[in-house]
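Spelled out, the chains give:
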Amino acid sequence: EIPITFLCGHTFHKGRTYDHGLALVTMQVVPSASIISLPGPVYVPPYPNDNAPVPCKLCRDNKVWEYDWSMRVWVKKLEENGRNKQNSATATATMLPTPDTSHVPYNRVYEPAEDSFLLLDTLSSPSETAFLSSRFCSTSPSSPSPPNPGAPLVLEVGPGSGVVIAFLTAHASTIFGTPHVLTTAIDVSPFACAATNLTVRKAVSEAEAEAGNPSTSGQWTSAIQGDLVSPLRPGSVDVLVFNPPYVPTPGLPAPPPAPLQELRDKTTFEEDSHLLELTYAGGKDGMETTDRLIDALPGVLSERGVAYILLCAQNKPEDVKGRIRSMGTGTGEGEGWKAETVGTSGKQAGWEKLQIVRVWR
């Protein structure tokens, strides 16, 4: 019998029963290979190579382990005589810091959540940094680009708070294998554009101060107010990231009216609600906006272009990937499209489960 080892180190045997009141005594505790003894709180990556990617239910229910969304790690809280104990362990794996979004007006701009953090984790994963470096680092022998193809243009559509594009800009050297990247973003909301500009500037400043080297970050241009990729010329985007409004709804909200297309100091509750609805309401199957973006990919992506699109289970991701792979079939144009899931998160069942699909050719 193979026991189930949880992130907290507790091991359950399927053939045994446990009294919850004595669970911490009766469960076998094994040392975790993913942490080492260092001063400070216990920080452990959320998805180590263990049997289960989360602490056991008992540890979660008793708040022994909690998830820190800002750092994207599970945190173990140790108590001794009613006081927090600050002598514990930390993760051996280094996670790139999440950009600060404390300045963002969340009453009208989408707040970073599980979908945002899944994008950060996926784009900075070893597999994707290797893929992106091989594609866009001019010194890579496996790059599909001709010599000196120019700095890649990285675009996030619908950046909201700007946490994702700020992350990509600040850590360009790590993610793309080169700091020579240009980054930009497009959003229909002027409030999101303003928030994104500030988020990126802060993230780059902090990353450069931490590294002591201004050449590690990419070159931020500016956030552009517009609809999807309409402001850009064909074939200009090398990396496109899209966290769409993916929640299935009876219909799509109307575009922002004229009063919401310019920055204002004050907005009404109804106006704020309308702006937030634009960030999550996806229409039929949650795919109406995403379908428009997918239709635009052959036109906006460069020959070496790649897109990362977030989907939930109710978006029917297998059907979406099949549709992408068939784009251009029989026309002699756009053939050879690939679509693969490169990151997953959320619940193991139900429409809330999220995945990141990489699209390229």
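Residues numbered from 1 in each chain as written. Predicted model: local features only at pLDDT ≥ 70, side-chain atom pairs only at ≥ 80, totals over all residues. Heavy atoms only, no water.

Requested: an account of the confidence of the model for the protein chain, with residues and values cited.
For the protein chain, the average pLDDT comes to 77, and 69% of its residues sit at 70 or higher. Within the model, the stretch residues 13-52 combines pLDDT values under 50 with 97 contacts to residues more than four positions away or in other chains. (pLDDT = per-residue confidence, 0-100. Contact = heavy atoms within 4.5 Å.)

How would you summarise unusual backbone geometry if you had to cite specific residues and measurements?
With the exception of glycine, most residues fall at negative phi, and the peptide bonds are largely trans. Unlike most non-glycine residues, Leu 228 shows phi in positive territory, near 50°. You will see that Asp 285, though not glycine, has its phi angle at about 55°, which is positive. With respect to the helices, strands and loops of the structure, Asp 285 is situated in the loop between helix H8 (269-280) and helix H9 (288-300). (Helix = DSSP H or I, 4+ residues; strand = E, 2+ residues; numbered from the N terminus.)

Go over the packing of H9 against helix H10 (residues 317-325), please, and point to the residues and values.
Remark: H9 packs on H10, axes separated minimally by 11 Å, with the N-to-C direction vectors making an angle of 20°. Judged by the inter-axis angle, H9 sits roughly parallel to H10. Note that H9 runs across H10; the crossing there is right-handed. Contact residues: H9 offers Asp 291, Ile 294 and Asp 295, while H10 offers Val 320, Arg 323 and Ile 324. (Axes fitted to C-alpha atoms, helices over the stretch in contact; angles between N-to-C directions. Parallel < 35°, antiparallel > 145°, perpendicular 65-115°, else oblique. Left-handed = near helix turned anticlockwise from the far one by under 90°.)

Give a description of the environment of Leu 311 that names residues and reports values.
Inspection of the secondary structure puts Leu 311 in strand E15 (residues 301-312). For the pair formed by Leu 311 and Ile 356, sequence separation is 45 residues and the distance between their alpha carbons is 6.4 Å. Filtering out sequence-adjacent residues up to four positions away, Leu 311 remains in contact with Met 287, Thr 290, Pro 317, Val 320, Lys 353, Leu 354, Gln 355 and Val 357.

Can you break down helix H5 (residues 163-170) residue by residue, with the values?
Of all 8 residues making up H5, 8 are buried, and the element is well covered by its neighbours. Considered for burial, the residues of H5 that qualify are Val 163, Val 164, Ile 165, Ala 166, Phe 167, Leu 168, Thr 169 and Ala 170. (Buried < 20%, exposed > 50% of the residue type's maximum accessible area, 1.4 Å probe, protein only.)

Account for helix H4 (residues 126-136), with residues named and values stated.
Along H4, the residues classified as buried are Glu 128, Thr 129, Phe 131, Leu 132, Ser 133, Arg 135 and Phe 136. Buried residues along H4 sit in contact with helix H3 (114-123), helix H6 (172-176), strand E14 (237-242), E15, strand E16 (338-345) and strand E17 (354-360).

Any chance you could break down the layout of surface pockets for me, citing the residues and the numbers?
In this model, the largest pocket occupies a volume close to 780 Å³. If you go around the largest pocket, you meet 46 residues; those closest to its centre are Pro 244, Pro 245, Leu 278, Thr 279 and Tyr 280. For the lining of the largest pocket, the secondary structure elements donating two or more residues are H3, strand E11 (153-157), H5, strand E12 (182-187), H8 and H9. Here the lining of the largest pocket takes 4 residues from H8, the largest share from any one element. Here the residues of the lining of the largest pocket sort into 28 nonpolar, 9 polar and 9 charged. (1 Å grid on protein atoms, 1.4 Å probe; cavity = no way out; pocket = protein on both sides within 12 Å on 5 of 7 lines; lining within 4 Å. Points joined across faces, edges and corners; volume = space filled by probe spheres on them. Nonpolar A, V, L, I, M, F, W, Y, C, P; charged D, E, K, R; others polar.)

If you had to explain the pairing of E14 to someone new, which residues and values would you point to?
Of all 6 residues in E14, 6 are buried, a share of seventy percent or more. The pairing of E11 with E14 spans 4 bridges and is classified as parallel. Following the sheet pairing, Glu 156 is matched in E14 by Val 241. Of the pairings in the sheet, the one linking E14 to E15 comprises 5 bridges and is parallel in character. Bridge pairing in E15 places Val 239 opposite Val 306. (Pairing = 2+ DSSP bridges.)

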